[in-house]
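# Breakdown of the fold
Given next are the chains, with one letter for each unit.
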There are 6 protein chains.
Amino acid sequence: MGDKCFYNSDGDLLVVPQQGKLRITTEFGKMTVEPNEICVLQQGMKFSVELDGCTRGYILEVYDGHFVLPSLGPIGANGLANPRDFLTPVAYYEDKEVKNYTIINKFQGHLFTAYQHHSPYDVVAWHGNYVPYKYNLSNFMTINTVSFDHADPSIFTVLTCSSVKTGVAIADFVIFPPRWSVAENTFRPPYYHRNCMSEFMGLIYGSYEAKENGFEPGGATLHSIMTPHGPDSDCFDKASNAKLVPERVAEGTMAFMFESCLSMAVTSWASKMSEKLDENYFKCWQNLKKRFNPKQVLHKSDINGE
Amino acid sequence: MGDKCFYNSDGDLLVVPQQGKLRITTEFGKMTVEPNEICVLQQGMKFSVELDGCTRGYILEVYDGHFVLPSLGPIGANGLANPRDFLTPVAYYEDKEVKNYTIINKFQGHLFTAYQHHSPYDVVAWHGNYVPYKYNLSNFMTINTVSFDHADPSIFTVLTCSSVKTGVAIADFVIFPPRWSVAENTFRPPYYHRNCMSEFMGLIYGSYEAKENGFEPGGATLHSIMTPHGPDSDCFDKASNAKLVPERVAEGTMAFMFESCLSMAVTSWASKMSEKLDENYFKCWQNLKKRFNPKQVLHKSDINGE
Amino acid sequence: MGDKCFYNSDGDLLVVPQQGKLRITTEFGKMTVEPNEICVLQQGMKFSVELDGCTRGYILEVYDGHFVLPSLGPIGANGLANPRDFLTPVAYYEDKEVKNYTIINKFQGHLFTAYQHHSPYDVVAWHGNYVPYKYNLSNFMTINTVSFDHADPSIFTVLTCSSVKTGVAIADFVIFPPRWSVAENTFRPPYYHRNCMSEFMGLIYGSYEAKENGFEPGGATLHSIMTPHGPDSDCFDKASNAKLVPERVAEGTMAFMFESCLSMAVTSWASKMSEKLDENYFKCWQNLKKRFNPKQVLHKSDINGE
Amino acid sequence: MGDKCFYNSDGDLLVVPQQGKLRITTEFGKMTVEPNEICVLQQGMKFSVELDGCTRGYILEVYDGHFVLPSLGPIGANGLANPRDFLTPVAYYEDKEVKNYTIINKFQGHLFTAYQHHSPYDVVAWHGNYVPYKYNLSNFMTINTVSFDHADPSIFTVLTCSSVKTGVAIADFVIFPPRWSVAENTFRPPYYHRNCMSEFMGLIYGSYEAKENGFEPGGATLHSIMTPHGPDSDCFDKASNAKLVPERVAEGTMAFMFESCLSMAVTSWASKMSEKLDENYFKCWQNLKKRFNPKQVLHKSDINGE
Amino acid sequence: MGDKCFYNSDGDLLVVPQQGKLRITTEFGKMTVEPNEICVLQQGMKFSVELDGCTRGYILEVYDGHFVLPSLGPIGANGLANPRDFLTPVAYYEDKEVKNYTIINKFQGHLFTAYQHHSPYDVVAWHGNYVPYKYNLSNFMTINTVSFDHADPSIFTVLTCSSVKTGVAIADFVIFPPRWSVAENTFRPPYYHRNCMSEFMGLIYGSYEAKENGFEPGGATLHSIMTPHGPDSDCFDKASNAKLVPERVAEGTMAFMFESCLSMAVTSWASKMSEKLDENYFKCWQNLKKRFNPKQVLHKSDINGE
Amino acid sequence: MGDKCFYNSDGDLLVVPQQGKLRITTEFGKMTVEPNEICVLQQGMKFSVELDGCTRGYILEVYDGHFVLPSLGPIGANGLANPRDFLTPVAYYEDKEVKNYTIINKFQGHLFTAYQHHSPYDVVAWHGNYVPYKYNLSNFMTINTVSFDHADPSIFTVLTCSSVKTGVAIADFVIFPPRWSVAENTFRPPYYHRNCMSEFMGLIYGSYEAKENGFEPGGATLHSIMTPHGPDSDCFDKASNAKLVPERVAEGTMAFMFESCLSMAVTSWASKMSEKLDENYFKCWQNLKKRFNPKQVLHKSDINGE
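In this text, all values refer to a predicted model and were calculated from it rather than measured experimentally.

### A few points about the sheet that holds strand β14 (residues 169-176) of chain A
All names here are of chain A.
- Across the sheet, which stays open at both edges, the five strands sit in the order β13-β14-β19-β16-β17 with antiparallel pairing between neighbours. The open sheet has two edge strands, β13 (157-162) and β17 (220-223), and neither has a second partner. Averaged over all pairs of adjacent strands, the angle between their axes in this sheet comes to 15 degrees, without regard to strand direction.
- Bridge count for β14 against strand β19 (residues 254-260) is five bridges, and the pairing is antiparallel. Bridged to Ile175 within β19 is Phe256.

### Here's the deal with the relation of the copies chain D and chain F
- By a simple turn and slide, chain D fits onto chain F: the slide is 0.0 Å along the axis, the RMSD is 0.0 Å, and the turn is 120 degrees. The transformation relating the two chain copies, once decomposed into turn and shift, fits a three-fold axis. Relative to the rotation axis, the C-alpha of Val164(D) is the closest in chain D, positioned 4.0 Å from it.
- Of the interface residues in chain D, just 5% have counterparts in chain F that sit at the interface too, so the contact is made through distinct surfaces.

### Things to note about the interface of chain A and chain B
- Taken together, the contact between chain A and chain B spans 37 residues of the former and 37 residues of the latter.
- If you look at where chain A meets chain B, you find two salt bridges.
- The interface formed by chain A and chain B holds 17 residue pairs in polar contact (both at pLDDT 80 or more) in total.
- At the level of secondary structure, the elements contributing two or more residues to the side of chain A that touches chain B comprise β12 (143-145), β15 (179-181) and α3 (300-304) of chain A.
- For the side of chain A that touches chain B, the leading source of residues is β12(A), giving three residues.
- Grouping the amino acids of the side of chain A that touches chain B by side-chain chemistry returns 15 nonpolar, 14 polar and eight charged.
- Inspection of the sheet shows β12(A) paired to strand β10 (residues 143-145) of chain B by three bridges, in the antiparallel sense. Across the sheet, residue Ile143(A) finds its bridge partner in β10(B), namely Thr145(B).

### What to know about the interface of chain D and chain F
- With 21 residues of chain D at the contact, the number on the chain F side is 13 residues.
- Carbon and sulfur atoms make up 56% of the area that chain D and chain F hide from each other, which totals about 1,300 Å².
- Looking only at chain D, the three residues that lose the most surface to chain F are Asp95(D), Phe107(D) and Val164(D), adding up to 29% of its buried area.
- Put simply, chain D and chain F have four salt bridges between them.
- Residue Lys165(F) is joined to Asp64(D) by a salt bridge in which the shortest nitrogen-to-oxygen separation is 3.1 Å.
- Here the residues of the side of chain D that touches chain F are counted per class, giving eight nonpolar, six polar and seven charged.

### Some details on the pairing of strand β12 (residues 169-176) of chain F
Residues and elements named next belong to chain F.
- Where burial is concerned, most of β12 is hidden: eight out of the eight residues are buried.
- Note that strand β11 (residues 157-162) and β12 share five bridges and pair antiparallel. Bridged to Ser162 within β12 is Ala169.
- In textbook terms, the turn of a hairpin is the stretch between consecutive antiparallel strands, and for β11 and β12 this stretch comprises six residues, one of which, Gly167, has a positive phi near 85 degrees.

Reading the values: the criteria
Residues numbered from 1 in each chain as written. Chains lettered and ligands numbered in written order. Predicted model: local features only at pLDDT ≥ 70, side-chain atom pairs only at ≥ 80, totals over all residues. Heavy atoms only, no water. Pairing = 2+ DSSP bridges. Helix = DSSP H or I, 4+ residues; strand = E, 2+ residues; numbered from the N terminus. Axes fitted to C-alpha atoms, helices over the stretch in contact; angles between N-to-C directions. Least-squares fit on C-alpha atoms with pLDDT ≥ 70 in both. Contact = heavy atoms within 4.5 Å. Salt bridge = Lys/Arg side-chain N within 4 Å of Asp/Glu carboxyl O. Polar contact = N/O pair within 3.5 Å; in protein donor to acceptor, adjacent residues only side chain to side chain. Nonpolar A, V, L, I, M, F, W, Y, C, P; charged D, E, K, R; others polar. Buried area = accessible area lost by both parts, 1.4 Å probe. Buried < 20%, exposed > 50% of the residue type's maximum accessible area, 1.4 Å probe, protein only.

Structure below.
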């Protein structure tokens, strides 16, 4: 990316590299972002990206607001993603005169181009806190049940972009990092559910606990609003029969979710032209047997582990 | 407690029995409350208590508001104390004419007495949700770190009575129940700190992890606003040298805290007349050695467990 | 409706049956809903409806939020629709294996179909409060002036689905039930007005006081944002000359209103294909005479009844 | 009140004259306030009062905030006390030099005196809306049930001074004006209750429906927080046997209530020195018989009038 | 405009006449609005406009809410546009019978026409505060720095129509009136910037300080979301070399801005058919030289004037 | 101050040195604070102060909350005290063993003492933003009218400690710095007023514009809630006759105000024992003549400068 930069008038970009390293220059300085790190490049900021070899990843654009850390509630003053682990760029400027420095702007979904005779990165100082940042996902302090039952995935929220309705997110960025799993008397994998959010999942590396096969790093799944979903039948069988001792889960794996109160459209490129659609995805649930038995007696101890 | 009842015009009572069983009759019906259960009897409700033998416990009175479940934030829709586990009284009435049914009222801190010729428990139906309730502490779904670091004790909040300032509690009722402890690269017991709240701790049974000796069931400690405190030196040594594998903590123990943004006065009965003051309490910290070493190099891996 | 069910990914449905009985099966159990009752079936819940003979009614779908009881303000703790009168389904399950149980889903305004081999109503227990409900309109405690003047129709609100702007409803469900009318020195029927809401009115049975002819049970009127409207000329004459003694109004009648801050489109089916449009509706106001007389002297006693 | 005026640094005064006319001069002009009118004189405003003969009334002082109209909720845009009926003073000034114009100031509950050589009422213009006002209670648009049941007395709120806790009033000024009573299947007088507010009642003229004897104009009752109270036994008998046709209530009567979330102290002048305490007040309830009958079957029609 | 009137069902109109006088008749009375005055005509109000000769101006329509004065924050109780300077119409009615009084209604962006036999201005009284108003811009109390630096243009806000997101305006109406400029050690004209709002500027009379040529009275500029802009090169040179003594700025000028969080579309009439587009607008910045000099040393005194 | 430190359990301290330099050591590092700077030392932080010679100043303690920057409202994103000008301590620790390091604690208004064997300043790192800070008052960007009229003193707010009631401050710290004064057609000094706040004024150096004599650096005045006050008669005469050209005011002066919604008590030390009370203070207003002339005609141009 020679004498060229980009800025987005429409919203903020959350970038999740999955393969390859991004060397990003911004008006605020430089940052390198690698897989297992994420970065946010906000509305109106000019930036250029240089790549190291083959590169791949996920981008989430939010139009209405910015990403913030979730309000922690009873979790208290520390936990989940801690503010001190978000890093801003290293200072940098260049004083370069060129024939045509190309500036590409996304405005109302369209791309526009302008030219100028010098680099836009001739900034030596700034103040304020409207600045790009990156975050290493391994710094996430994961919190979950240490007794029984299963917390909602919101407990894994790294960043959230709230709507104007309290508690409803335009987009949550959620991760499923390596952690201890100790829940007793509980089906430990993600539960079967349908809900009022769109769930777009991706995998940075490793294999996702609820679908170990067929969901590859760089791939993605989308479970739309109110569409029921849950672990595949292999996961169900394994988890239903496991001895519930403390164990590490998601070791060597980093799956994530973009969760939104809005519905997400799939482009025809994604669904057709790419020829990447997994036509057999639904089959992962076909072996789930009907297990309904209304006569089964549940003891309270079956529920909360007494 | 013969033909006698009580009601409090000043506030709500949170009752934490520590020894003996309480058989409580209220205008809404009857409930039995035993150690490891708590109950709340609100402002203005008439109730009578019968005891089974020797009885002892803790009472917290709040004047400004009622206890509610904490707003869970990213914990989601379930967790900590779940609404479904709070129990209201079993329906009951009595149609009894007596010579002098004694009604004792606490109003502005003073006790007043009135007499009537029948039982106040002649109520066959009611509606609304202003009603006494009890909760069994073993139903608490405990949440905490499953990676590294140490969550604030607010994560153990069962009930909170908020002040008009968001995030500031007139009183939190917090418990330290049996649970898994899996934090890596972390000093696992409660950390050394001073803070803007008064911390009144009690012990229902067992032995509290941060002070195994000298803090007996039925006893209490008070750490006032901004007074530094933390584990005793035994706990410090043990925890500093422990191998950090998953382990159960607080097994067979139930300690709790009344935490308030207000300062708490100690009555002269408590500090003198009872002759129960532990004059040697401060000694539990005397063996803590100075360990300050500014030259010590901290690796990042010392902090978050990589 | 054999082995078939429906769920809506887009929003909640408020159902107002006007003729015929609905036998509704849901994942939460069964309820029968008859004219003069309403029910709400929320986003994502599977349900099937069996009909008793000829059936007709109104449905209001809200996309952005749920229906709640209006905050009562100075009305206090009770009044209008009381929480205790909302009924949830009677427990029910079926354990049925079928060849093709058809599940129809409305998602983003389109219908999708899926098949499974068993009934979705194999649920024996649930917890939470996200549950369908019904309400009998005759339980509505109607409040209005007992002195003079005319309260806004918001005083008849049964349920409201608020927008994110305080005081502005995506949709209010409002009824005009049988009640006492005692206002003195007042034109008692709905006043002539234009306002910032869309008003869709329907009639469950009886005859609506402001338009006794031509507005039939099962019919509907729509007065769009800022379009002036009010009683027909017959109503105007009658009410202007009536002796203002206490009288029952709306006896044997149940009219209702869907009121929204949004504009409502009329389908071409409604306006054309149905051949049900009342082309003469506007004529009900043609006999209203011009009565403007700037010289008329108003005494204060003409206004507030001294 | 010759060359003398008063101002209050501590709070606002709500004045309820019960006998005699008040001719009030303020820095903003003059107003005459008679029984059945009220006025508010705010913190810091200088005023002088001339009396017409024998005068008597009630004053409520609020320290924390000002009186406002209650937010009407579903009542809508009009109703209860309407803004247009509050009257501000008639313009007036005087240009008067005197030897000693006495200014009396209440500051922190103490009275201070200062002297100056001219009248403080030499103000010819002002702007803003911090201004004294009066209101005629006969302008109150009374709202209540027109079906069944009994609305909370908050529905009679004229003015409220809110605390910082939403829904909790430092003081409500509530009236019980002449109105229609049409509730069916209902015990129509104020119900028996205890609640979380202090209720101070006064009577401007007539006789209060719930205690026709012994509660004289100019008198007052105080029912403190959580003290049960209700109509006297005569009222109970009459209302229990009345035929529930529409009838005017409180004709020729204006009772009012100062209701507060705070406890009110009674001065020793009021309770002793005045020799006005009604030692027999409690006897009005002595003839209330025990009527408890758990075997009585309630039909739904007994409750809501079907 | 003979027997004809207009009302808008879609939103409120802020009218900024730039040339010629508007004689506006409304249901609330009459007002004359001249250049340097603005008026607001709200949703649903009928009005007719008579013109004096050649007339021209700007109209801003807001759909979601009404214009209000900005909350002043630390500015205090007075300042910017003061409430007392907003004027409502002079009382007026007409009692006129005509053959066809034409009423034109804008509803959902389309125009509809209705006819009636009398004037709609037969209104002799009204109450409430939903009423058109006008404001003379010379009454604006301008506030700005009296030390150093440059306040944001929000400090010139006359009226704002807020979105549901606190601090984000659907539209601000901002003016740049004649005033003193005294900032020391500061580049005094509007600074170079890009921001998250659309900025539509117009000029009522005079010449705008940041672009004295080519931006004519009656003209307009639009700087869209995140498009960088600022003074032309003449202004830059002049301001960079000026001696920073107190001086009057914008004498004889009144420029204004419609600022919105939404993107504004330009009609093809504006961009093409009108033949008024200034194709050379971008040239005003062409003479701005590159002045970047990373070696330049800034003293603190260069920044804040010590 | 040898081996001694202090911490306050009750609230935060805002320190305004007026004479002499403070060398403050805190657990977070060291800072030097001189006259024309202020610093804040929060609840619970240990600190020690060394003085340079003769030292004098003002301290404001707030119990209920912390100082924050005022929300700027229409002033925008920058202005008044800018966040970047607040400085936190320079890193420092000491590793010192002593016989008796004395720790003095203020708790509930009483002083308590404890001893330990090492310095409390053995802290090498911390994170969070609960940290002492200082601010140089000459960095304040002063904003005020640049047209006519007089902004409220709230426009000079440096820091505010809000009560739970929006817009009501427990304490504001307000300064009157050197600045340009350009208001036309205006009485420029502070206006005569009485208001709902306590105003405690102090003077760091120079002479205060509204009372040039008798209000010395290091002195203080207190104008209590609703007590009228304003400039002395000299100031009145001078300002009434001045030609209203741009002029610098408060050059060489820094006066400040502690403004509170609470009433402030004066200690008997201040009012008596110190023998510093200015018994003649009231005389500064004695020469103000009565100037009331109701016949004076005000032209609009007298008011807003047309």
